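# Fold and geometry: a report
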Amino acid sequence: MPFYQRLGDVPKKRHVVFRENGTLLTEEVMGFEGFSGLESILYHLHSPCRVIELGEFEPIVREEWVPDAHAHRHFTTWDVPAGGNAIDGRRLLMWNDDVEISLCRPTEPMEHFFRNGEGDEVIFVHRGAGTVETTFGDLPYAPGDYVVIPRGTTYRFVPDADEQRYLVFETPGLITIPKRYRNEHGQLMEHAPYYHRDLHAPTELHTHRDRGEHVVKVRVRGGYQTYVLDYHPFDVVGWDGYVYPWTFSIHDFEPITGRIHMPPPSHQTFQGPNFVICSFCPRKLDFDPDAVPIPYHHSNLQSEEMIYYVDGNFSSRKGIEVGSITLHPSGLPHGPQPGLAEKSLGLTETHELAVMCDTFHPLRLTALAGDLDDGRYAYSWAEDPSTDGRTPDEDPAGVTSHL
Ligand SMILES: [Fe+2]
């Protein structure tokens, strides 16, 4: 999506004869919005329609948790059960019609290939490294990477031996780079917090010629349809275009800072339909002598604000820790807990790392979210640190630059 790429062999012109060892290759145009959106053209050894067996259809079943009270929530996810592979190990936490947000701690290899036929995916890699093998070639990933996979991409995760932990976003819409970062030709402009060099396309294309049974699971129509092929689905000899999976590291996000507080849109990384994904990265804080370096109270009257805490110094009495998720739902004000604004005065930098997703329609919660809810966060603005024998200065609450 970010810019034109080409890997392997493609003919000089589109839609002309292209052979390998005398065999006519199968050309596939894979694109969006009819034939008006971005597209890539792939050249296969076999027809991508070819299947030898239609397997099971497994509908997606969501177990909803409807809390008794509408309130700010804090979910502690570090110990969310590990298991499954990079697809069936996804544990849904919250969702609406625009986005689904899951956690995944896979422990098993993918024995099958996967394709999301009804949505784009962004997989934030909190822990672990490896390679996403795809129709478009190999995509290495490392901690801190956002792996962006457009719908229609057949892939499988091949993790290395380390612990893997992902935060997964799936959307029926398109994941894009915010329009305000790009000029009319699509190039990222000077004020954008990242540049094309920071976006990484597949590095190597391996054309698999092996036959035999290969299983592909495709997410379609609210479930997973299994297909059996008699060839390896990575049979592409070359492709070019604007549609392909890519990675961007949160560590390459260049924070935008100001004399006084910069609002959350300055942290925006991706755009989806009715939601945004933002990156909060280590940076210098506001430098006016009178600046309050942490946010003012704000009312998310039309949006839900979900923050996943990746790393940093936000250990606090609220219990915020690595792997915590806070959810500030629409209709309620939120802001720093008592004492934190005062405590932040004079601070010059923050070392936090967090991923935020703001949705413009309400999020629904799953039973798993109910299990992980600490049940206390809504009262954290009413707590007084001195009641446990500490003064506000002794309170270990971390000063985050977003709340
Ligand atoms: Fe907020």
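Values in this document were obtained by computation on a predicted structure and should not be read as measured data.

Time to look at a nonpolar patch on the surface. A grouping of Tyr4, Leu38 and Tyr242 is seen on the molecular surface, where their side chains present a nonpolar patch of about 260 Å² in accessible area. With a relative accessible area of 36%, Tyr242 lands in the partly exposed category.

Another aspect to go through is the sheet that holds strand E32 (residues 364-366). What the 9 strands build is an open sheet, ordered E7-E32-E9-E10-E17-E12-E15-E22-E18; its pairing is antiparallel. The open sheet terminates on both sides in strands that have one partner only, identified here as strand E7 (64-65) and strand E18 (199-200).

The next thing to look at is the pattern of salt bridges. If you walk through the whole model with that rule in mind, you get 18 salt bridges. With its nearest N and O atoms 2.9 Å apart, the salt bridge here joins Glu170 to Arg219. Separated by 49 residues along the polypeptide, Glu170 in strand E17 (residues 165-171) and Arg219 in strand E19 (residues 211-220) bring together distant segments of the chain. Between Glu349 and Lys284 there is a salt bridge, with the nearest N and O atoms lying 3.0 Å from each other. Of this pair, Glu349 sits in strand E30 (residues 349-350) while Lys284 sits in strand E25 (residues 283-284); the two residues are 65 residues apart in sequence, bridging distant segments of the chain.

Judged by how many residues are buried, strand E5 (residues 39-44) sits mostly within the fold: 5 of 6 residues are covered. Pairing of strand E4 (residues 26-31) with E5 involves 6 bridges; the strand directions are antiparallel. Following the sheet pairing, Gly31 is matched in E5 by Glu39. Direction of pairing for E5 relative to strand E21 (residues 236-241): antiparallel, over a ladder of 5 bridges. Looking at E21, one finds that Leu42 is bridged to Trp239.

Residues Met94, Tyr146, Leu167, Phe169, Phe270, Met306 and Val355 are the most contacted members of the largest nonpolar core, which totals 52 residues. Here Met94 is in contact with Phe75, Val99, Glu100, Ile101, Met306, Ile325, Leu327, Leu363, Arg364, Leu365 and Thr366, once residues within four sequence places are set aside. Grouped together as the second largest cluster of nonpolar side chains are 17 residues, Phe114, Ile123, Val125 and Tyr224 included.

Once that is clear, we can look at the packing of aromatic side chains. The geometry of an aromatic ring pair is captured by the separation of the ring centres together with the interplanar angle, meaning the angle of the planes. The full count for this structure, using the stated rule, is 19 aromatic pairs. On the numbers, 5.2 Å between centres and 85° between planes, the contact of Phe18 with Tyr43 is edge-to-face. A residue pair is termed long-range when its members are at least 10 positions apart, and Phe18 in the loop between strand E1 (5-8) and strand E2 (19-20) and Tyr43 in strand E5 qualify at 25 residues. With a relative accessible area of 3%, Tyr43 lands in the buried category. Plain terms: the ring middles of Tyr194 and Phe248 are 4.6 Å apart, the flat faces sit at 40° to each other, and that makes the pair tilted. Taken together, the positions of Tyr194 in the loop between E17 and E18 and Phe248 in strand E22 (residues 246-249) put the pair 54 residues apart, joining distant regions of the chain. We note that Tyr194, like Phe248, is buried. These aromatic residues form a ring-pair network of at least three members: Phe124, Tyr146, Tyr181, Tyr194, Trp246, Phe248, Phe253 and Phe270. Geometry around Trp78 places Arg165 over its ring, the cationic atom sitting 3.5 Å from the centre.

We note that Glu33 has phi near 50°; this positive angle belongs to a residue other than glycine. On the secondary structure map, Glu33 appears in the loop between E4 and E5. Here Glu33 falls in the exposed class, since its relative accessible area comes to 58%.

This paragraph deals with a negative patch on the surface. Judged by side-chain charge, Glu56, Glu58, Asp88, Glu108 and Glu111 come together as a negatively charged surface patch. Residue placement: Glu56 occurs in strand E6 (residues 53-59).

Spatially, the 7 strands line up as an open sheet ordered E6-E20-E19-E11-E16-E13-E14, and their pairing is mixed. Here the strands that pair on one side only, and so sit at the sheet edges, are E6 and strand E14 (137-141). Ignoring which end each strand starts from, the neighbouring axes of this sheet average 30° apart. Of the strand pairs in this sheet, E6 and strand E20 (residues 223-231) are connected by 5 bridges, and their pairing is antiparallel. The residue bridging Glu58 from the neighbouring strand is Tyr224, located in E20.

Conventions and cut-offs
- Residues numbered from 1 in each chain as written.
- Predicted model: local features only at pLDDT ≥ 70, side-chain atom pairs only at ≥ 80, totals over all residues.
- Heavy atoms only, no water.
- Patch = residues over 30% accessible without salt bridge, like charges linked within 9 Å, V, L, I, M, F, W, Y side chains within 5 Å.
- Areas by Shrake-Rupley, 256 points an atom, 1.4 Å probe, with all protein chains shown as cover.
- Salt bridge = Lys/Arg side-chain N within 4 Å of Asp/Glu carboxyl O.
- Buried < 20%, exposed > 50% of the residue type's maximum accessible area, 1.4 Å probe, protein only.
- Pairing = 2+ DSSP bridges.
- Helix = DSSP H or I, 4+ residues; strand = E, 2+ residues; numbered from the N terminus.
- Core = buried A, V, L, I, M, F, W, Y, C linked by side-chain atoms within 4.5 Å.
- Contact = heavy atoms within 4.5 Å.
- Phe/Tyr/Trp six-rings, centres within 6.5 Å; stacked < 30°, edge-to-face > 60°.
- Lys NZ or Arg CZ within 6 Å of the ring centre and 35° of its normal.
- Lys, Arg positive; Asp, Glu negative; His and termini not counted.
- Charge placed at Lys NZ, Arg CZ, Asp CG, Glu CD.
- Axes fitted to C-alpha atoms, helices over the stretch in contact; angles between N-to-C directions.

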